[in-house]
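If you want the building blocks of each chain, they are given just below.
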Amino acid sequence: LDDKVQEADFVACISSFACSQVMLHSPRSAWHKLHIIHCGVEPERYQRPWRPVPDRLLFVGRLVAAKGVPVLLQALALARRT
């Protein structure tokens, strides 16, 4: 990672935490290349009337253990029982 940062002109980090992690693996002389660019959407582009759809779930994220998808599915099953 440190070689990639040194060779780059600009490095986009999605959060302060991500930036701090890159800083751990790159020399201080390259830190000026690191810029925080938050992921996001423009809500006004999606202004449609919202209608709830029963028994539907939307998950947006990586399918990794840290995201807790099994916990989310257990919660959905519990909610359906009540």
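Residues numbered from 1 in each chain as written. Predicted model: local features only at pLDDT ≥ 70, side-chain atom pairs only at ≥ 80, totals over all residues. Heavy atoms only, no water.

Asks: Tell me about the overall build of the protein chain, residues and numbers included.
Replies: Scanning the protein chain from terminus to terminus reveals 3 helices and 2 strands. N-terminal to C-terminal, the α/β element order of the protein chain is α-β-α-β-α. Relative to a compact globule of 82 residues, whose C-alpha radius of gyration would be 12 Å, the protein chain shows 19 Å and is clearly more extended. For the protein chain, the spread of C-alpha atoms along the three principal axes comes to 55 × 30 × 15 Å. Taking all 82 residues of the protein chain together, the buried fraction comes to 13%. (Helix = DSSP H or I, 4+ residues; strand = E, 2+ residues; numbered from the N terminus. Rg over C-alpha atoms; globule rule 2.2 N^0.38 Å. Buried < 20%, exposed > 50% of the residue type's maximum accessible area, 1.4 Å probe, protein only.)

Asks: Explain the side chain of Lys-33 residue by residue, including any values.
Replies: Relative to the elements of secondary structure, Lys-33 occurs in the loop between helix H2 (16-24) and strand S2 (34-36). One buried charge, Lys-33, has no salt-bridge partner; the nearest side chain with opposite charge is Asp-9, at 5.8 Å. A polar side-chain atom of Lys-33 sits 2.6 Å from the main-chain carbonyl oxygen of Gln-6. For Lys-33, the residues in contact, after removing those within four places along its chain, are Val-5, Gln-6, Glu-7, Ala-8, Asp-9, Phe-10 and Val-11. (Lys, Arg positive; Asp, Glu negative; His and termini not counted. Salt bridge = Lys/Arg side-chain N within 4 Å of Asp/Glu carboxyl O. Polar contact = N/O pair within 3.5 Å; in protein donor to acceptor, adjacent residues only side chain to side chain. Contact = heavy atoms within 4.5 Å.)

Asks: Help me get a handle on the layout of surface pockets, residues and values and all.
Replies: By volume, the largest pocket amounts to about 160 Å³. Lining the largest pocket, in full, are Trp-50, Arg-51, Val-53, Arg-56, Leu-57 and Leu-58. Residue classes in the lining of the largest pocket are distributed as 4 nonpolar, no polar and 2 charged. (1 Å grid on protein atoms, 1.4 Å probe; cavity = no way out; pocket = protein on both sides within 12 Å on 5 of 7 lines; lining within 4 Å. Points joined across faces, edges and corners; volume = space filled by probe spheres on them. Nonpolar A, V, L, I, M, F, W, Y, C, P; charged D, E, K, R; others polar.)

Asks: An account of the confidence of the model for the protein chain is needed here, citing residue identities and associated values.
Replies: Per-chain confidence: the protein chain averages 88 in pLDDT, with 100% of residues scoring 70 or above. By mean pLDDT, the top-scoring element of the protein chain is S2 (97), and the lowest-scoring one is helix H3 (residues 69-81) (89). (pLDDT = per-residue confidence, 0-100.)

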